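# Per-entry structural report
As a plain string of letters, each chain reads:
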Amino acid sequence: LSVRECRVRDPASLLHLPEKRQTAMVADMAENIGFENSFLALSCSMARNGVISLPPLAIWGNLIIYIAAWVFLMWPHFLPLGRPCIAMVFAAMACGLRELCHVAWPEEGYPTVDIFGKVNPTPIALLFGLMLVNAYLKDTGVWQHVEQLLDSSSPKLMLLKLCGVSAFTSCVLLNDTTCLVLTPVVLSLCRRRGAQSSIPFLLAISTSSNIGSSLTIIGNPQNALIAAIAPGITFLGFARTMFLPVLVGLALNTLYLLLWFWHDLVFENAAGMEGTQSERSDPDPEVAINVSTGNQKCLWRVYIGAVAAVVTAMVTGWTFSMATDDVALAAGSMLTLVRAMRRRVAGDDGQTETEFALEAIDYSILILFIGQFILVGATVDTGLPQKAFQGILGPCSSDLAAGPGCLLWFSAVVLLLSNLISNVPVILMLDPLLSTQPASTVTSVWVLCAWVATVSGNLTMMGSAANLIVAHAAEREGERGFTATSFSKFAVVPTLLVTALGVFLMLPVGT
């Protein structure tokens, strides 16, 4: 139960009562519905204008914890924890600080952190489902074909192809999934080709994926969230509005990548690579077994067709505005059944789908997301982000589309906050403000917000979860040069240019 649900019950009958009486009444409400929750009673009684009452220790202590977490997530080599554990540890610190305040001043009834209320399950479930889908796509050998498509003796051509593939797959299969899959593939190509530096290619994955994901409401978690809460947004209408900014932005970012890393794009093993078949990735054992056995070829083709049909149904469901996480989970679950049936018919009962599918899930990425949600949620409880947001926007708050100046200022604020607290929490913070905008312009403002919140994620490594996923996946492959410093050295100028260009292309929709 949330603070909003408490208000719906009868806020007028509670707020004029003494504090202890409020707490007792809300606790009675919880008992009447068969659910006792101390956080419910405390947070509801302390709620005031969407911000709970907290002592200065909790407010400023939480701010210090968040800043420290931001620094360590940007530069994780200061402490050998790894980004998922960094997010988890500092989220636990924030929860512990609130618990300390709750125990130290029991008479004040300061609430603890509602951990489950802070975690947004939609992107977690979406990413989990797409990891399942990706495991079965890999099982069919599709990513081997992608690797062959990307491979080239020319590093510049390989970079161009990588930018296009990253952008395209992101708008269909989510940018986080694209980054998770393509990072090891590209690092493998860089090693075999003897690339002088893999940094240009890792930057191509992260920045192109973020730009490409802007095209659709299924391209990234914040777009999916906006589509769920904003009125009037449709799949095709959103894509039409985003098409030109995405196309121009991707071209500009790719050109800047080529010019910035022109002298670093060198392959030391370019000449003899094509003849070294043994150095290529070993084919998937499932693919090798089923293709090499004549009696199984028909069954294997049926399996590939079934996987293609399920993935197509998943994308089709998204285009008809079905819940993105539900569809992804359903597709992943259906694929486990399809593969189990195929293996049963083939007489292969050695490995269960539990072992195959769940071993393919990168749980550290999910922990990274959960830790960030809790940490950011605890920070939002302090009211500091909301106050800063309202104060900075000033008179434009009542009508963000009142003129180009307000839209540009709003875009700048979203860009800044997206890199301070990440883009999904920014969208959640904006919901109350944008719900009060004029009906004639609210959809356009939300679409503009989706563009800025997504593309501005290329400004810093903390700006987008996709950037952190690339960095984490690269670290697991032994590549530690993809740091926040190397990222920002390249990304600042093209990100500001691409964001501003897209805003100007979209300005007429709200003015």
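Residues numbered from 1 in each chain as written. Predicted model: local features only at pLDDT ≥ 70, side-chain atom pairs only at ≥ 80, totals over all residues. Heavy atoms only, no water.

## Some points on the overall build of the chain
Per the secondary structure count, the chain includes 25 helices and 2 strands. The buried share of the chain, reckoned over its 511 residues, is 55%. With an accessible surface of roughly 21700 Å², the chain has 66% of that area assigned to carbon and sulfur atoms. (Helix = DSSP H or I, 4+ residues; strand = E, 2+ residues; numbered from the N terminus. Buried < 20%, exposed > 50% of the residue type's maximum accessible area, 1.4 Å probe, protein only. Areas by Shrake-Rupley, 256 points an atom, 1.4 Å probe, with all protein chains shown as cover.)

## Focus on a nonpolar patch on the surface
A cluster of nonpolar side chains, F243, L244, L247, L501 and L505, forms an exposed patch at the surface whose accessible area comes to about 430 Å². Those elements that provide at least two residues to the nonpolar patch are α14 (235–260) and α25 (484–506). Sort the elements by how many residues they give to the nonpolar patch and α14 lands first, with 3 residues. Within the fold, L247 resides in helix α14. (Patch = residues over 30% accessible without salt bridge, like charges linked within 9 Å, V, L, I, M, F, W, Y side chains within 5 Å. Salt bridge = Lys/Arg side-chain N within 4 Å of Asp/Glu carboxyl O.)

## Here's the deal with empty space enclosed by the protein
In the structure shown here, the tally under the stated rule is 3 cavities of 30 Å³ or more. Approximately 180 Å³ is the volume found for the largest cavity. F369, S422, N423, V424 and A465 are, among the 18 residues lining the largest cavity, the residues nearest its centre. Going through the elements one at a time, α11 (175–193), α13 (221–229), α19 (363–381), α22 (423–434) and α24 (465–476) are the ones with two or more residues in the lining of the largest cavity. (1 Å grid on protein atoms, 1.4 Å probe; cavity = no way out; pocket = protein on both sides within 12 Å on 5 of 7 lines; lining within 4 Å. Points joined across faces, edges and corners; volume = space filled by probe spheres on them.)

## Considerations on the pattern of salt bridges
Using the criterion set out here, one finds 10 salt bridges in the structure. R83 is the salt-bridge partner of E475, the closest N and O atoms lying 3.3 Å from each other. Highlighted residues: E475 in helix α24 and R83 in helix α6 (residues 83–104), separated in sequence by 392 residues. Exposure class is identical for E475 and R83. Each is buried. For the salt bridge of E147 with R192, the shortest nitrogen-to-oxygen distance reads 2.9 Å. Residue E147 is located in helix α9 (residues 142–150), and its partner R192 is located in helix α11; the two are separated by 45 residues in the primary sequence. R192 carries the same exposure label as E147, and that label is buried. One salt-bridge network, in which partners are shared between bridges, spans D139, R339, R343 and E353.

## Topic: the environment of A309
If you trace the backbone, A309 turns up in helix α16 (residues 297–319). A relative accessible area of 46% places A309 in the partly exposed class.

## With respect to the packing of helix α10 (residues 155–173) against helix α12 (residues 199–213)
The interhelical angle for the contact between α10 and α12, taken along N-to-C directions, is 35°, at an axis separation of 7 Å. Note on packing geometry: the crossing formed by α10 with α12 is right-handed. From α10, P155, M158, L159, L162, C163, S166, A167, S170 and C171 reach across to α12, where they touch P200, F201, A204, I205, S208, S209, G212 and S213. Here the residues of the contact of α10 with α12 sort into 11 nonpolar, 6 polar and no charged. (Axes fitted to C-alpha atoms, helices over the stretch in contact; angles between N-to-C directions. Left-handed = near helix turned anticlockwise from the far one by under 90°. Contact = heavy atoms within 4.5 Å. Nonpolar A, V, L, I, M, F, W, Y, C, P; charged D, E, K, R; others polar.)

## Side note on the packing of α6 against α19
Remark: α6 packs on α19, axes separated minimally by 8 Å, with the N-to-C direction vectors making an angle of 30°. By the angle class used here, α6 and α19 are roughly parallel. Handedness of the crossing formed by α6 with α19: left-handed. Contacts between α6 and α19 involve R83, P84, A87, M88, F90, A91, A94, C95 and R98 from the first element and S364, I367, L368, G371, Q372, I374, L375, A378 and D381 from the second. Looking at the contact of α6 with α19, its residues break down into 12 nonpolar, 3 polar and 3 charged. (Parallel < 35°, antiparallel > 145°, perpendicular 65-115°, else oblique.)

## Comments concerning the nonpolar core
Ranked by size, the top nonpolar core spans 144 residues in total, and within it F410, L430 and W446 carry the most contacts. With 11 residues, the single largest contributor to this core is helix α23 (residues 442–455). Membership of the second largest hydrophobic core comes to 5 residues, among which are I52, L54, A58 and C101. (Core = buried A, V, L, I, M, F, W, Y, C linked by side-chain atoms within 4.5 Å.)

## What about the side chain of T495?
Mapping T495 onto the fold places it in helix α25. When its relative accessible area of 4% is taken as the criterion, T495 is described as buried. For T495, the side chain forms a polar contact with the main-chain oxygen of N458, separated by 3.1 Å. (Polar contact = N/O pair within 3.5 Å; in protein donor to acceptor, adjacent residues only side chain to side chain.)

## A look at the packing of aromatic side chains
Per the counting criterion, the structure on display carries 11 aromatic pairs. For the ring pair W70 and W75, a centre distance of 6.4 Å and an interplane angle of 75° mean the geometry is edge-to-face. In this structure W75 comes out as partly exposed when scored by relative accessible area, which is 30%. Seen in terms of ring centroids, F201 and F267 are 6.1 Å apart; in terms of plane orientation they differ by 15°. Their pairing is stacked. Placement of the pair is F201 in helix α12 and F267 in the loop between α14 and α15 (285–292), with a sequence separation of 66 residues. (Phe/Tyr/Trp six-rings, centres within 6.5 Å; stacked < 30°, edge-to-face > 60°.)

## A word on α24
Between its first and last C-alpha, α24 extends 16 Å over 12 residues, near the 16 Å set by a 1.5 Å rise per residue. With respect to burial, α24 is a largely interior element, 11 of its 12 residues being buried. Of the residues making up α24, those classed as buried are A465, A466, N467, L468, I469, V470, A471, H472, A473, A474 and E475. Where α24 is buried, its residues touch α5 (56–74), α6, α11, α12, α19 and α25. Between the side-chain oxygen of the N-cap and the backbone nitrogen of A466 there are 3.1 Å, and the N-cap of α24 in question is S464. Downstream of α24 by one or two residues, G478 has phi in the positive range, about 90°. (Expected span 1.5 Å × (residues − 1).)

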